[in-house]
Amino acid sequence: MFLLNTAADYRLALDPRDEKALDASAAVEVERHLASRRDHGVTPLVALPGLANEIGVAAIHVKDEGHRLGLGSFKALGGAYAVIRLVLEQAEQRLGRVVDMAELHSPDVRAVAQAMTVACATDGNHGRSVAQGAQLVGARAAIFVHSGVSNERVAAIARLGAEMIRVQGTYDDSVREAARVAEANGWIIVSDTSWPGYERIPGLVMQGYTALVREALRQMPEPPTHVFIQSGVGGIAAAVAGHLAIALGESRPLFTVVDPARAACLFETARAGRPVTIAHGEPTVMAMLECYEPSLVAWRVLSRAADAFMTVDEADATGVMKRLAHPVSGDPAVVAGESGGVGLAGAMKAVADPAVKAALSIDQRSRIFVVNTEGATDPGKYQEIVGLSPAAVVSKNREGALT
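Residues numbered from 1 in each chain as written. Predicted model: local features only at pLDDT ≥ 70, side-chain atom pairs only at ≥ 80, totals over all residues. Heavy atoms only, no water.

1. A closer look at the packing of aromatic side chains
In this structure the tally under the stated criterion is three aromatic pairs. With a centroid separation of 4.8 Å and an interplanar angle of 65 degrees, the aromatic rings of Phe74 and Tyr209 are classed as edge-to-face. Note that Phe74 is positioned in the loop between strand S3 (59-64) and helix H4 (79-95) and Tyr209 in helix H9 (residues 200-219), a separation of 135 residues in sequence. Note on Trp195 and Tyr198: the rings are 4.4 Å apart at their centroids and 15 degrees apart in plane angle, and the pair reads as stacked. A relative accessible area of 25% means that Trp195 is categorised as partly exposed. Classification of Tyr198 as buried rests on a relative accessible area of 13%. (Phe/Tyr/Trp six-rings, centres within 6.5 Å; stacked < 30°, edge-to-face > 60°. Helix = DSSP H or I, 4+ residues; strand = E, 2+ residues; numbered from the N terminus. Buried < 20%, exposed > 50% of the residue type's maximum accessible area, 1.4 Å probe, protein only.)

2. Considerations on the pairing of strand S6 (residues 163-167)
Strand direction decides the pairing type here: strand S5 (residues 140-146) and S6, joined by five bridges, are parallel. Each residue of the ladder has a partner; that of Val145, found in S6, is Arg166. Read from S5 through helix H7 (residues 151-158) to S6, the crossover connection turns out right-handed. (Pairing = 2+ DSSP bridges. Right-handed = clockwise from strand over helix to strand, strands pointing away.)

3. Remarks on the nonpolar core
Within the largest apolar cluster, 99 residues are counted, with the highest numbers of intra-cluster contacts made by Phe144, Val190, Val240, Phe255, Leu302 and Phe309. Among the elements that make up this core, the one with the highest residue count is H9 (nine residues). Discounting residues that sit within four places of it in the chain, Phe309 has contacts with Met1, Phe2, Leu3, Asn5, Thr256, Val257, Leu266, Phe267, Ala270, Trp299 and Leu302. The next biggest cluster of nonpolar side chains, apart from the first, holds 41 residues, and it includes Val312, Ala345, Val356 and Tyr382. (Core = buried A, V, L, I, M, F, W, Y, C linked by side-chain atoms within 4.5 Å. Contact = heavy atoms within 4.5 Å.)

4. As for helix H8 (residues 171-185)
With 15 residues, H8 should reach 21 Å at 1.5 Å per residue; the first-to-last C-alpha distance of 21 Å fits that figure. Every buried residue of H8 is accounted for by Tyr171, Asp172, Ser174, Val175, Ala178, Val181 and Ala182. Structurally, H8 contributes buried residues whose contacts are with strand S4 (117-122), S5, S6 and strand S7 (188-189). One or two steps after H8, the chain reaches Gly186, where phi turns positive at roughly 75 degrees. (Expected span 1.5 Å × (residues − 1).)

5. Digging into the pairing of strand S8 (residues 226-230)
Counting buried residues along S8, five of its five residues qualify, which places the element largely inside the surrounding structure. A two-sided burial pattern is seen for S8, the buried positions comprising His226, Phe228 and Gln230 on one face and Val227 and Ile229 on the other. Direction of pairing for S8 relative to strand S9 (residues 254-260): parallel, over a ladder of five bridges. Pairing of Gln230 across the sheet is with Val258, part of S9. Following the chain from S8 across helix H10 (residues 235-248) to the adjacent parallel S9, one finds a crossover that is right-handed.

Given below as structure tokens:
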């Protein structure tokens, strides 16, 4: 399914709150935080000239977030950053003075952090980031996971010292339960989705994601003409679309939001022109994107800054995983998890459909940008789908470098 953005506020300026959260000065603060992290490194921007030639475009660039901060996902940028910002703000209140990022590990700030508990619901990746942020500063983390989250992903979060709380039902059920328990216990919810009255912290999470956009713009020889970004509740799509709209203005690329067909809450929101909750259906293999209610903050950005919305099917998602693991025409191999390559799957589906291709003005001059939002965060599932272990896929690039 495909539709162009017909929202009443399409192409209007971003809401001032969102512009402040996603502009260059905010992104610089994120980069200051990252510079203080021992495990930080700029993630690769991978060019796929063979695939670009095959589908008839000028370039395809993939920002590979499978390498981010040891967590294997772009989410490492958001939850941990929000936790650290919240700790610094709490320290300022307790100490009665301005507290800089450089003081994060000082005894005074650590004492404040140790009295804090942060909590969130997760499909896996966001919870790892929140747990890692809490571990970095000495706070306690309580992470709520729904019944569909694999034991392997739960164990990965638990290894960061978080308390794991299982919730029956879907991701949205776990979001509600996390909010209820946190309020009862005086914990701070660090969610990557927003609801009425709860917007600022999800905005901080989205702010963390701007780092990958700034990196990519510095890495690309030219800005992209087209961007396809996958969506769960909408946070990563809104962060990329919003920052590009601010950074590039009228020269910004055409931006398409890509949803799983089985969990298309942003697509249906765009169709309705207002946030809608969709019915729960058959689970999707795109587990990190299985969300049935959009983030209000994300929709506020995307209604203005996205140009189109589309869906991809299960076979599209698994097919692009295999395609990236078994590349042709000399392209490097990329390890993409079940949700990681969905933006690229959307781009390939758009190019293959003449009507969609024309609607998005894609031609042989088009430069497409996508984000591999996760690596093999569940290695067993990855091998089951792709037929190779993540290590075997990575070894292809080493072997190619030697020949």
